[in-house]
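Chain by chain, the residues run as shown.
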There are 2 protein chains.
Amino acid sequence: MATLQDIGVSALINLFGAFLFLIAFAVLRIQPINDRVYFPKWYLSGERNSPRRSDGTLVGKFVNLNYKTYFTFLNWMPQAMKMSESEIIRHAGLDSAIFLRIYTLGLKIFGPVMVLALVVLVPVNVSSGTLFFLKKELVVSNIDKLSISNVQPKSSKFFFHIGVEYLFTFWACFMLYREYNNVAIMRLQYLASQRRRPEQFTVVVRNVPDIPGHSIPDTVDQFFKTNHPEHYLCHQAVYNANKFAKLVKQRAKLQRWFDYYVLKHQRSQKNPTCKLGFLGLWGKRVDSIEYYKQQIKEFDHNMSLERQKVLKDSKLMLPVTFVSFDSRWGAAVCAQTQQSKNPTLWLTSSAPEPRDIYWQNLAIPFISLTIRKLVIGISVFALVFFYMIPIAFVQSLANLEGLERVAPFLRPVTRLDFIKSFLQGFLPGLALKIFLWILPTVLLVMSKIEGYIAISTLERRAAAKYYYFMLVNVFLGSIIAGTAFEQLHSFLHQSPTQIPRTIGVSIPMKATFFITYIMVDGWAGIAGEILRLKPLVIFHLKNMFIVKTEEDRVRAMDPGFVDFKETIPSLQLYFLLGIVYTAVTPILLPFILIFFAFAYLVYRHQIINVYNQQYESCGAFWPHVHGRIIASLLISQLLLMGLLTSKEAADSTPLLIILPILTLSFHKYCKHRFEPAFRQYPLEEAMAKDKLEKETEPELNIKADLADAYLHPIFHSFEKEVPLPSSSSSSSSSSSSSEAKTHQEETAEVRVDKHETHSSSPVTELGTPFHHHQVYNYATSPSSHYASAYEQSSSQYEYHYNTHQYEEHEYRYN
Amino acid sequence: MATLQDIGVSALINLFGAFLFLIAFAVLRIQPINDRVYFPKWYLSGERNSPRRSDGTLVGKFVNLNYKTYFTFLNWMPQAMKMSESEIIRHAGLDSAIFLRIYTLGLKIFGPVMVLALVVLVPVNVSSGTLFFLKKELVVSNIDKLSISNVQPKSSKFFFHIGVEYLFTFWACFMLYREYNNVAIMRLQYLASQRRRPEQFTVVVRNVPDIPGHSIPDTVDQFFKTNHPEHYLCHQAVYNANKFAKLVKQRAKLQRWFDYYVLKHQRSQKNPTCKLGFLGLWGKRVDSIEYYKQQIKEFDHNMSLERQKVLKDSKLMLPVTFVSFDSRWGAAVCAQTQQSKNPTLWLTSSAPEPRDIYWQNLAIPFISLTIRKLVIGISVFALVFFYMIPIAFVQSLANLEGLERVAPFLRPVTRLDFIKSFLQGFLPGLALKIFLWILPTVLLVMSKIEGYIAISTLERRAAAKYYYFMLVNVFLGSIIAGTAFEQLHSFLHQSPTQIPRTIGVSIPMKATFFITYIMVDGWAGIAGEILRLKPLVIFHLKNMFIVKTEEDRVRAMDPGFVDFKETIPSLQLYFLLGIVYTAVTPILLPFILIFFAFAYLVYRHQIINVYNQQYESCGAFWPHVHGRIIASLLISQLLLMGLLTSKEAADSTPLLIILPILTLSFHKYCKHRFEPAFRQYPLEEAMAKDKLEKETEPELNIKADLADAYLHPIFHSFEKEVPLPSSSSSSSSSSSSSEAKTHQEETAEVRVDKHETHSSSPVTELGTPFHHHQVYNYATSPSSHYASAYEQSSSQYEYHYNTHQYEEHEYRYN
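What comes next is a walk through the structure.

What counts and what doesn't
- Residues numbered from 1 in each chain as written.
- Chains lettered and ligands numbered in written order.
- Predicted model: local features only at pLDDT ≥ 70, side-chain atom pairs only at ≥ 80, totals over all residues.
- Heavy atoms only, no water.
- Contact = heavy atoms within 4.5 Å.
- Buried area = accessible area lost by both parts, 1.4 Å probe.
- Salt bridge = Lys/Arg side-chain N within 4 Å of Asp/Glu carboxyl O.
- Helix = DSSP H or I, 4+ residues; strand = E, 2+ residues; numbered from the N terminus.
- Nonpolar A, V, L, I, M, F, W, Y, C, P; charged D, E, K, R; others polar.
- Pairing = 2+ DSSP bridges.
- Axes fitted to C-alpha atoms, helices over the stretch in contact; angles between N-to-C directions.
- Least-squares fit on C-alpha atoms with pLDDT ≥ 70 in both.
- Buried < 20%, exposed > 50% of the residue type's maximum accessible area, 1.4 Å probe, protein only.

1. Overview of the interface of chain B and chain A
Taken together, the contact pairs 47 residues of chain B with 47 residues of chain A. When chain B packs against chain A, close to 4,100 Å² is buried across both sides, 62% of that on carbon and sulfur atoms. When the buried surface of chain B facing chain A is broken down by residue, Q338, K341 and E684 of chain B rank first, second and third, together holding 15% of it. Counting across the interface, chain B meets chain A through two salt bridges. With a shortest N-O distance of 3.8 Å, E685 of chain B and K341 of chain A are connected by a salt bridge. Residue contributions to the side of chain B that touches chain A peak at eight residues, all from helix α29 (residues 658-679) of chain B. Residues of the side of chain B that touches chain A, tallied by class, amount to 22 nonpolar, 19 polar and six charged.

2. Observations concerning the sheet that holds strand β2 (residues 232-239) of chain B
Residue and element names in this part refer to chain B. Across the sheet, which stays open at both edges, the four strands sit in the order β2-β5-β1-β6 with antiparallel pairing between neighbours. Single-partner strands in this sheet number two, and they are β2 and β6 (347-350). The mean inter-strand angle of the sheet, taken between neighbouring strand axes irrespective of direction, is 30°. Relative to strand β5 (residues 317-325), β2 is paired through six bridges, and the arrangement is antiparallel.

3. Considering the relation of the copies chain B and chain A
For the pair chain B and chain A, the superposition axis carries a translation of 0.0 Å, the fit reaches an RMSD of 0.1 Å, and the rotation angle comes to 180°. With respect to symmetry, the two chain copies, as superposed, fit the operation of a two-fold axis. The rotation axis passes nearest to the C-alpha of S495 of chain B in chain B, at a distance of 1.8 Å. Comparing interface residues between copies, 100% of those in chain B also sit at the interface in chain A, which points to an isologous, same-surface contact.

4. Observations concerning the pairing of strand β1 (residues 202-206) of chain A
Residues and elements named next belong to chain A. By the criterion of burial, β1 is predominantly enclosed, with five of the five residues buried. The alternating pattern of β1 places T202, V204 and R206 and V203 and V205 on opposite faces, both of which are buried. Note that β1 and strand β5 (residues 317-325) share four bridges and pair antiparallel. Note on β5: the bridge partner recorded for T202 is S324. Pairing analysis gives four bridges linking β1 to strand β6 (residues 347-350), with the strands arranged antiparallel. Paired with V205 across the two strands is T348, which belongs to β6.

Right under this line is the structure:
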């Protein structure tokens, strides 16, 4: 157990570490050469095209020579605070703004409570002083003098702790209510202020029944013409393009080789050659550029054939479809109602925005979803409680003897003492570290197997799984020593009243551990986040070896994004720690508060300057955030009850029983009051927007706008591909997209460009079943509002999606 | 513990008792004088007007003299089986038909399993024979030789029991699935075949916001005209008529006195008098008939004033309204969608049918519902676990000493030995008996406080509470001796794995108790149900003292109804017993099967001949029935696991772990597959019916049909009341209603009668805000389909509702 000094030292070291990170960040960020690493968002949003420079010299192009800027190295903090919330929403989307509110919520909840707890509880605890007498028997840290452990059993002072717990719960609930209200209003306002977007008019329909003698499009058309005669417009069939996607992948590989040889050619000025055999080790030697050019040409031909096959073959048509309506009201009605007598057919729900769709999962037959969910549920349970078993097994293999057995030739090396000790210290931990590193990805894959069709939902599900993992293995695992499996075993064999007591007793003893955890994982982790070491190194490597043109440089940027599936569960863990320790060891609160404040600044800076939004869920994660804070409150109340019964505080403990009931009722009330706003689109709202639109644009043709909004992105990408590819041509399209985003007045031009592509695209030429019974009349709708806001963010995915970008998109979620 | 002989004797006694009941029933039912007690349904449905007689003599009017009919005394059984299911649906409603299916489901589940268990498990258990050795140590009944207790610990024979449990679960799930499917189809078919009914077009809207400067009707009108412009038709405001209802009650009291004196006058041929003072003991003596006539006249004047006040005063208008649409599609859409940005405003749900509405609860402010639910939740928990505490307190008071202290003058009496012993045996049990007798009513009142607005929902909620009570106090309470409170205490202090073990071990020992329970409560209870002793006595008392005319006799009939809130929970308890004992003591199954078969016959007979349906919920209780059978399966699996671990069957027990997971997944699947059909009206269905109607009746005026469908019944009743009331006039209206029900061709006439009432009724004269912006044109819609099926059952509640009937209706649910 650490004493107060130990913690002080640890805090100093960590503060110093974080400070070093910050200094490094402050220096690196003002170098022009790093500008694209630390300010990519501005490039993406088009407000910056080249690094800011201190002067015009050649050195000044790479290094900041303005010595004044080095003195104001912390000025990113006030800068991060400058932007108002509404600007952030416009600049980085509502999700980011609401994400930041989680941090301010933490500050608001814990700030006043910290003052209260420090003023009331610390004196109460210190004055009680049992631990002075027990000192010889128990090894107790100094910090325990400030905690509830210091209060004598059966003391009436526990009324103070219960009082603080009550006040804290009421305060937290009050703040939670206000915040839920605010977020719900923000969400509705955002939805109301959005311009026309395809998802407002579209509903995704799963489990379209297979009626013999009718094709799926006919069935869909007939069903919706019958049951939504007044508002049904058209629908977009979904194809099983997984084979085609594989071709796209292979083609992208060829493209990379081609690019590589072109680059080689440009550098060495001689024609590169390669061998055709296995791994290029033997076989006929050919001119690489010519060979790959030829290969790509052939591939393009095959792909266009495959593409035609996909679009024509009704067997590749999935029983899923995107149905569009002529009004938001019609779409909202269809999404919220039950369509068919058989509740497993014609399942409707609001369509996610096109860039949020996880296309692979649309091909999953609906019938298998129940089984998938069951299997994944069991797997997550096993993962959370038994993950140590395979790791221990791997660890037992990955020791020196195991290594020597597998690779006897290494024996002379491993016999060296310092290598031996290094390996012995390193190998067993390696398996665990690799596991923890890949865990979020594994959980995301699990969520994918569950079959959700929106990326945002996938991330929320993965976040939930990660939270359970952390709750059991970090929180409970640290409090009760032993693996999760051992905990499970002891929980199954203890009485329900014994469990909170067992955990409650150990809680105050682990305060020092968690303080250290907050500093190492929280403070230093956040400081590491702002430094962006990995993207920095990768960008410069790419810059050195690959980048030839300005457009390549744009592609070499890796802005990253708020990784909700990892960040939110960690955040919720900090909430849990703060809530549990408020009444027990209030000295932990300042550390939490510093974390929240610091993380708030850092993420605000990153969201403004770095991250690029992946999708917009309009804060759909808030109900989860709210729910888990409530769960933390319940956990803290139960544990405090357990702790107090172990202290034999029979007078005061029964007072706590009412608290969980009140908290649960509060949760139920909030769920009832706010959650529908996050799940369903109210008709009042839909009708108001429809009316406004009808008044402002009476001659609007929505059908044209909705035409291909929900076509699988690889089909779009193929349309854009020029017959003989080169890296510059594909990157020019993405640069033009980024320019389009910059200058909104240019969108009209871009749109025209898009329509031309369309009219010559194989889709329309083939006359495939797209059911837009009207002619495209893009050109005649110059006043179309279906523009700026949406195009700004999604045009790159939709219209200028080339294979590279598709690949990138796919790899990120595989 | 009982031996096999004991059980045999007990079974014989109970069979004999039940047989006696049946003989009594067989004799009583064929007496013409009892015809209205045992066949009221036929009178209500109009197919019978006077008792069947064996001959024309005077004696033959009261007693059956045809000796032949006495020999065929069991012929009610084949008679009960004669009617087909579709006829039952037509005759007694879908709820009754589906209720009967619960019994056949029991037969289908337990029949084959009984054969399997008796053939496989009983030989296995008998051959094992541990109990022969243990005999001296344990007091074990003979029946235990046939149960799992007889198998030696660690025996591999437990694989048989696990195998049977698996087979049984699969079989039960298969039958449950088939039955759920059947019931869902029956429900949809019934809904599809129904004629036009107001609830199909109507949505109940709660929490209408109070917009300053707008009256509630204006707000509603504006909101729905804006947000459902294509389908909104009209709405019916709801008034807080609780004060008016009180007046109606008082007036009914006066009416009863008036009737009493009129009767007295007729009998004695002299004018009765009464005193005006307290309880009629002193004061001025007046002529009673004149006095009450005068009083009623004054009262009617006051009521008509109060009525005008209610309808005019906007403060008495509740923020609840019934909104009607011009199509089923429009109503279904409105009921299933979210209307407002604020999810606590404009809450829509499908309207219950008018006779199913519990009007008092419409006045409950929506905001208090959460609190009410919380309070009732806690109360039910307390009631289930701590009900013994107040009863023990009352018992401690209600002993002889307590009685003597309260009433010392009784001392000489209570000192008598035989009175003393009688009181001592009787008093303590009295409190418990009174409690158990009023429990269903208490639970119904609790459900009312929760604020549900449909009587069917209230009954379902009360049934759920009753089930929890029985599960804890009858099932668990019998298995583990001790009060529920002691159980709760021990559960809180035992580990989760210990609890099933504790219960599991005692299960086989309690088999004899439950066999006796099935015979006493089940067999004899059902035989008592068919005898209808209480209605028989009351009918003959009424017949003797009150009844003057044929119409009075109709009112004296008490057909009763299927008491879902008591019957279904008891049934579910039998399911639980059968499911738990299948693998443990299979000898219990024949007793359960006999119960199901016998109860099926009895209820079939009662539904056909006796019960009058209260409301039609279209089998809305089935998901609960299904869910609780699944819960019973889970309980049985857990208990078997506990039992086997106590038998140290470590080889075989782990095999059982998969079973609860499979059962839960099955439940989830069924919930997903079938439950929406019980909650929401699918649009496909709604649209199909709308279309059909439009084709067959293009000139239909729905608005006229919907006009007053959802007016509070007391307003209807007042309309019908003639100025100077007499019992014969009010009963003539009810007789005309029963005639209307009989002869469907007469409905048109009845309707015209109703319209006349309308046009002269104060409602329309006052021009109160009913928002039927169209003139009533009932007369011009002779082809209206809004007739037979609905009027048949509800006209009495709607149009001919007189104060007596309202009273009756209210008392039953208070």
